[in-house]
Amino acid sequence: MSAKYGYYPGCSLERNAIAYHQSAVAVAPVLDIEFVELDDWNCCGATEYIAIDVLPAYALVARNLAIASRQKLSGGNQNQVVAPCSACFLNLSKVDKYMSDAPRLAANVNTALAAGGLSYKPGSVRVRHLLDIVVNDVGYDAIAAKVQKPLYGLRIAPYYGCLIVRPGFQGAFDDPEYPMSLDRLMGTLGTTVVDFPVKAHCCGGHMTQISEQVALELIRQLLQNAAEYEADAIVTLCPMCQLNLDGYQEAVNRHYGTKYHIPILYFTQLMGLAFGLPAATLGFGKEFVDAAAALNKIGVQPPPKPKKERAGKEALPMPEMAAGGLSHES
Amino acid sequence: MSPERIGVYVCHCGSNIAATVDVEEVALWASEELGDRGVVVARDYQFMCSSLGQELIEADIKEQGLTRVVVAACSPHLHERTFRTACKRAGLNPFLCELVSIREQVSWVHTDRAAATEKAMAVVSGGVERVTLHQPLEPLHVPIHPATLIVGGGIAGIQAALEIADSGYPVYLVEREPSIGGHMAQFDKTFPTLDCSACILTPKMVDVGGHPNVTLLTWSEVERVDGYVGSFTVTVRKKARYVDESVCTGCGICTEKCPVRVLDNTYEAGLGYRKAVYRPFAQAVPKYPVIDRENCTYFQRGKCKACQLFCPTHPKAIDFEQKDEILQFQVGNIILATGYDLFDCRRIPQYGYARLANVFTSLEFERLCNAAGPTGGKIVLRDGVTEPATVGIIHCVGSRDHNYNPYCSNICCMQSLKFGHLVKERTGAEVFNFYIDIRTAFKDYDEFYQRVLEDGVHFVRGRVAEVTDAARLPGEEGKLIIQVEDTLLGKQRRIPVDMVVLSAALQPRQDSTEVAYTFGIACSANGWFIEKHPKLDPVATMTEGIFIAGACQGPKDIPASVAQGAAAAARVLGRIHQKELALEPVRASIIAERCSGCRICNNLCPFNAISYDTARMITEINPALCQGCGTCVAACPSGAITGTQFSNEQVLAQLYGLLLLNVSSGPVQQPQPALVPA
Ligand SMILES: Cc1cc2nc3c(=O)[nH]c(=O)nc-3n(C[C@H](O)[C@H](O)[C@H](O)COP(=O)(O)OP(=O)(O)OC[C@H]3O[C@@H](n4cnc5c(N)ncnc54)[C@H](O)[C@@H]3O)c2cc1C
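Residues numbered from 1 in each chain as written. Chains lettered and ligands numbered in written order. Predicted model: local features only at pLDDT ≥ 70, side-chain atom pairs only at ≥ 80, totals over all residues. Heavy atoms only, no water.

### Structural notes on a nonpolar patch on the surface
Residue and element names in this part refer to chain A.
Argument step 1. Taken together, the side chains of Met207, Ile210 and Val214 present a nonpolar region at the surface, about 270 Å² in accessible area.
Argument step 2. Along the chain, methionine 207 falls in helix 9 (residues 207-210).
Argument step 3. Given a relative accessible area of 32%, methionine 207 falls into the partly exposed group. (Patch = residues over 30% accessible without salt bridge, like charges linked within 9 Å, V, L, I, M, F, W, Y side chains within 5 Å. Areas by Shrake-Rupley, 256 points an atom, 1.4 Å probe, with all protein chains shown as cover. Salt bridge = Lys/Arg side-chain N within 4 Å of Asp/Glu carboxyl O. Helix = DSSP H or I, 4+ residues; strand = E, 2+ residues; numbered from the N terminus. Buried < 20%, exposed > 50% of the residue type's maximum accessible area, 1.4 Å probe, protein only.)

### As for the interface of chain A and chain B
Argument step 1. Between chain A and chain B, the contact holds 23 residues from the first and 30 residues from the second.
Argument step 2. Interface area for chain A against chain B, summed over the two sides, is near 2,100 Å², with a carbon-plus-sulfur share of 57%.
Argument step 3. Of all residues in chain A, Leu316(A), Pro317(A) and Met318(A) bury the most surface against chain B, accounting for 30% of the area lost on that side.
Argument step 4. Seen at the junction of chain A and chain B, the total is one salt bridge.
Argument step 5. For the side of chain A that touches chain B, the residue count by class is 11 nonpolar, four polar and eight charged. (Contact = heavy atoms within 4.5 Å. Buried area = accessible area lost by both parts, 1.4 Å probe. Nonpolar A, V, L, I, M, F, W, Y, C, P; charged D, E, K, R; others polar.)

### Topic: the nonpolar core
Argument step 1. Among the nonpolar cores identified, the biggest contains 103 residues, and Leu131(A), Leu185(A), Met186(A), Ile234(A), Phe267(A), Leu270(A) and Met271(A) are the most heavily contacted of them.
Argument step 2. It is helix 3 (residues 54-70) of chain A that contributes the most residues to this core, seven residues altogether.
Argument step 3. Looking at which domains feed residues into this core, each of domain 1 (3-130) and domain 2 (140-311) of chain A gives three or more.
Argument step 4. Residues contacting Ile234(A), with those up to four places away along its chain left out, are Ala157(A), Tyr159(A), Phe196(A), Leu222(A), Leu223(A), Ala226(A), Leu245(A), Ile262(A), Pro263(A), Ile264(A) and Leu265(A).
Argument step 5. Counting 102 residues, the second largest nonpolar core, distinct from the first, contains Ile158(B), Phe365(B), Val501(B) and Leu573(B). (Core = buried A, V, L, I, M, F, W, Y, C linked by side-chain atoms within 4.5 Å. Domains from an automatic or database assignment.)

### Quick look at the domain arrangement of chain B
Argument step 1. On domain assignment, one finds that chain B holds domain 1 (6-137) and domain 2 (341-507).
Argument step 2. Averaged C-alpha coordinates put domain 1 of chain B and domain 2 of chain B at centres separated by 60 Å.

### Section: the confidence of the model for chain B
All names here are of chain B.
Argument step 1. When pLDDT is averaged along chain B, the result is 94, and 97% of the positions lie at 70 or above.
Argument step 2. Across residues 663-669 the pLDDT falls below 50, and counting only partners more than four positions away or on other chains, this stretch makes four contacts in the model.
Argument step 3. Note that pLDDT drops below 50 for residues 673-678; the model gives that stretch six contacts with residues more than four away or on any other chain.
Argument step 4. This prediction of the complex comes with two scores: 0.85 for pTM and 0.83 for ipTM. (pLDDT = per-residue confidence, 0-100.)

Shown next, in the form of structure tokens:
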């Protein structure tokens, strides 16, 4: 029996991030998971609304939690809801946590919800990010077993952005400073994963609207680092990150006189390719920075192991990574 | 009418009690109201614990023929002994004296004088009821075996061994590695005086190795401890060395000829290699090498024996047939000095250890500095040749951080200052220290800090956010960039360096909880061994006869470790000189007829005093090991365990006395002695 999760796509997945939505929906059956879209869900308020008026902002988000808590899903008495978008994930978890911690807030929010015939008991819904479910509920071994066309030769910079592992309202599922789950997932698909030290840095978020200078610099740092590691693509798990790195790449190039051409893809798109699903069902072609050239690099043979730079005779031994940790490009 | 003649003594404790409790009133009430319950005299006095106060009690015992004494004063933790001893001097069995607390439990925690006075009366009344049921007890006398076991041959264990052995008593020193020396043997220089570590350590190692009173058991581990203070039976596994110590001359030819190179994660901290047959370092004590079976070609593939072939002794010292030996011996006391482990820096991935080549741990850096280390004492990058032009030293890695260890590791500030000085002295590189606070609190430590400041070492106050190789600004390419909020400037800074040293936390040994269990002592939540009292009894433990010294009790530097080693030795020597030890008779015992053999209590005892007699199918308690904590008494579902001085009858009588005042208007039922859970 497949595991059933409430599915909260959020607005981005209907528009700019439709590729994320399509590919997530396409890989779900392969992973034996079922998404039950929440009935009549509404916007999570993104980052702006909370800055304007707190109570309506919380009530807006809580309405989705209330709907989710009513639905019949697997997972015992705590309904699980998947949010593929990092901002939605953060907002949903935050409201649940704040309502648990502050009974007065919970009461006020519930008064507002009552107008629509709804109520929400904090803690009754567990909010999960899509990546969390993929790597922890499905697991790397099960994923490896589904890989039909390993993505050999593709060099990937895994990019987490800032929201999914911080602040970990319901318990972070990965290291908040140097997460590794997406690295391992990409390795499982056969790609060559590069060390990407800026992997949890900010993409600029909505700074593009407020202070473009700041946003462009943040985006440049990410692109520059991926380029230094000769990544063919950056893989993301957040529509905001994808939009900024993809949509503003041209602006960065114009502003700094650079020539970056790094497609920004969703991890679900690459999972779909590796599972042998037709590219047409995975939302390819919607990116601004064309991914075709990068995808053409996928080979049928695993790339030869990079020659370890021959360490000099005097060289000191390098400490080994902890068990389970992934050493990059090896 | 009680057959006992009870004296009640109410202490003022200066104003500590008298300010909140009307002590005169309590004494008066006791003499007037508790007469029918056996109280024949009740007095108040300013300081009952003073000599005059004690003499008051002694005189009453003699003149009035008291058979029981109740002292209402401070907590029994402080003065129980004082008053028991006073009773004993006057010829009364000391266990017929009960100390009830009207300070910690009354005056210090209440403000309403009338209510506090009434509560003090209730507490006194409880004590009177209880003491009536006390039995005279005699302490248990156990002989003390003159030998001592010391576990761990670091500087703390070495110091303790020498103190005891020099006093003429036998010591067994058990060390799990092939040589004694501990962490100190890895260092080049030691703060604050910068003495050469080997120069001050090796004479002590040699003394231990050759001492007629020391039985040195290296490459060995304690497997079992039976018995109790005064006569422990210790079982030690002496792992096969595959080298016959009676023949080996320590010439080192076997090591030279061994074809297998093994990464040395212990002594060289992963920065250097050793052979499969090896001695960890030149000055190792004992000098005999060991064969590391896992990496030996002969043991793994059945061929090689180069070491044996070239061994110049007759007969050959290399003996592939050697087996582990199990040794058993008796000791009277045990000192644990098992030291610490270094925090695993991989747990903070944003600092890049094991990912970025030129990030080093503090122990790796010690090996870099050490003239006998992998680089011959040259401070160089991971390539083994390039000298760094800038070095960043990050403090508190894994310490003072709620994600890892909340505590301060105590030595890292000084160790980082030492590193800064050594870098300056040997390379002239720029050095940046990234610190939260500089803690240089001991003798000559702050002077050393001043000296390092004068060396021109830079200090940036702030916890480092990350160490990255992602260059962003000009001048950062090819460097490690330390991103930090300089909290004195109030600014984010990016400082490019060539080398980063992580001053990692000291942590309990990864097997500290198992070791604690073997010896029947307790660990804190962090895993450090717990001392009996943090201020007044820092090297004893709650288990009689087991002492702790050095960094196994908490992070500490060499001077403190040596002081504790010597202190533990002094405690043990005191014991040995007494020849016999009087144990408190407060302990649990089993009522055999009631024990169902359910074994619920078996694993609860923190002192390993409980064992199961399979033949009689009942549980037994070893009176010499039992410390009278009462855990088993409370846990026993059939009420088959009683604690002397804490029997159900005594506790219920005390409750009865406590409640008597409040219920005195109604009829009071005497407690049912058999009121135990079914
Ligand atoms: C990088 C660094 C630099 C330092 N520099 C200085 C300095 O300059 N000056 C200074 O004063 N302090 C310094 N220190 C602190 C110093 O290392 C400690 O104070 C000291 O080593 C503590 O000694 P110890 O005997 O308690 O423990 P350890 O040195 O850890 O020795 C414990 C011994 O017990 C053995 N052992 C452990 N478990 C068992 C077991 N179950 N059975 C048998 N044997 C066992 C171990 O093998 C080891 O030999 C430094 C620490 C670090 C990390």
